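Each chain is listed here by its residues.
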Amino acid sequence: QVQLVESGGGLVQVGGSLRLSCAASGLTFSEYAMGWFRQAPGKEREFVAHVSWTGGSTYYGDSVKGRFTMSRDNDKNTVDLQMNSLKPEDTGVYYCAASEGCSGYGCTYDYWGQGTQVTVSS
């Protein structure tokens with residue numbers, strides 16, 4: 001069975017950093033594009049970052065550009081999200097997701113993890 005397991009979340013102060021990881025199993029990892037999403041209480045799910053099959057291309061949501069960096073390691077079947085200069089609005093549950101196919105309209109994410117909580121406070 002396909003599993004995506006996020007880790008690394010926690011409580012940090014404004015301006016701090018966290019590094020999230022997502023471990024994938026049950027799939028040929030290198031065949032999937034990967035994404036990070038987040039959702040704050042009472043708000044819509046928000047796109048955070050995306051990385052291509054090989055890690056050669058990355059994309060970021062406007063709210064995190066310049067602060068977050070996504071990477072993947074196809075040997076370890078993991079993707080990471082380095083988050084710097086954290087703000088209170090970064091608070092939410094962060095999910096990783098795997099996509100079998102993308103188009104000009106975006107990606108269809110076929111598998112999702114359970115999420116990890118990130119809380120940013122003063």
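Structural data are supplied above this passage.
Keep in mind that what you see is a predicted model, and the values were worked out from it rather than measured. (Residues numbered from 1 in each chain as written. Predicted model: local features only at pLDDT ≥ 70, side-chain atom pairs only at ≥ 80, totals over all residues. Heavy atoms only, no water.)

Take Asp 110: it is sitting in strand E10 (residues 106-112). When near neighbours in sequence (up to four residues on either side) are disregarded, Asp 110 contacts Ala 98, Ser 99 and Glu 100. Here Glu 100 takes part through its backbone nitrogen, which lies 2.8 Å from a polar atom of the side chain of Asp 110. (Helix = DSSP H or I, 4+ residues; strand = E, 2+ residues; numbered from the N terminus. Contact = heavy atoms within 4.5 Å. Polar contact = N/O pair within 3.5 Å; in protein donor to acceptor, adjacent residues only side chain to side chain.)

Position of Thr 78 among the secondary structure elements: in strand E8 (residues 78-83). For Thr 78, a relative accessible area of 18% gives the class buried. Those residues within four positions of Thr 78 in sequence are excluded, and the remaining contacts are Cys 22, Ala 23, Phe 29, Ser 71, Arg 72 and Asp 73. (Buried < 20%, exposed > 50% of the residue type's maximum accessible area, 1.4 Å probe, protein only.)

Moving on, we come to the pattern of salt bridges. Evaluation of the coordinates by the stated rule reveals five salt bridges. With a shortest N-O distance of 3.1 Å, Lys 65 and Asp 62 are connected by a salt bridge. On the basis of relative accessible area, Asp 62 is assigned to the exposed category, the value being 67%. For Arg 67, the salt bridge identified is with Asp 90, shortest N-O distance 2.8 Å. Separated by 23 residues along the polypeptide, Arg 67 in the loop between strand E6 (58-60) and strand E7 (68-73) and Asp 90 in the loop between E8 and strand E9 (92-103) bring together distant segments of the chain. No difference in accessibility class separates Arg 67 from Asp 90, as the two residues are buried. (Salt bridge = Lys/Arg side-chain N within 4 Å of Asp/Glu carboxyl O.)

Worth remembering: the numbers are spatial, not functional.
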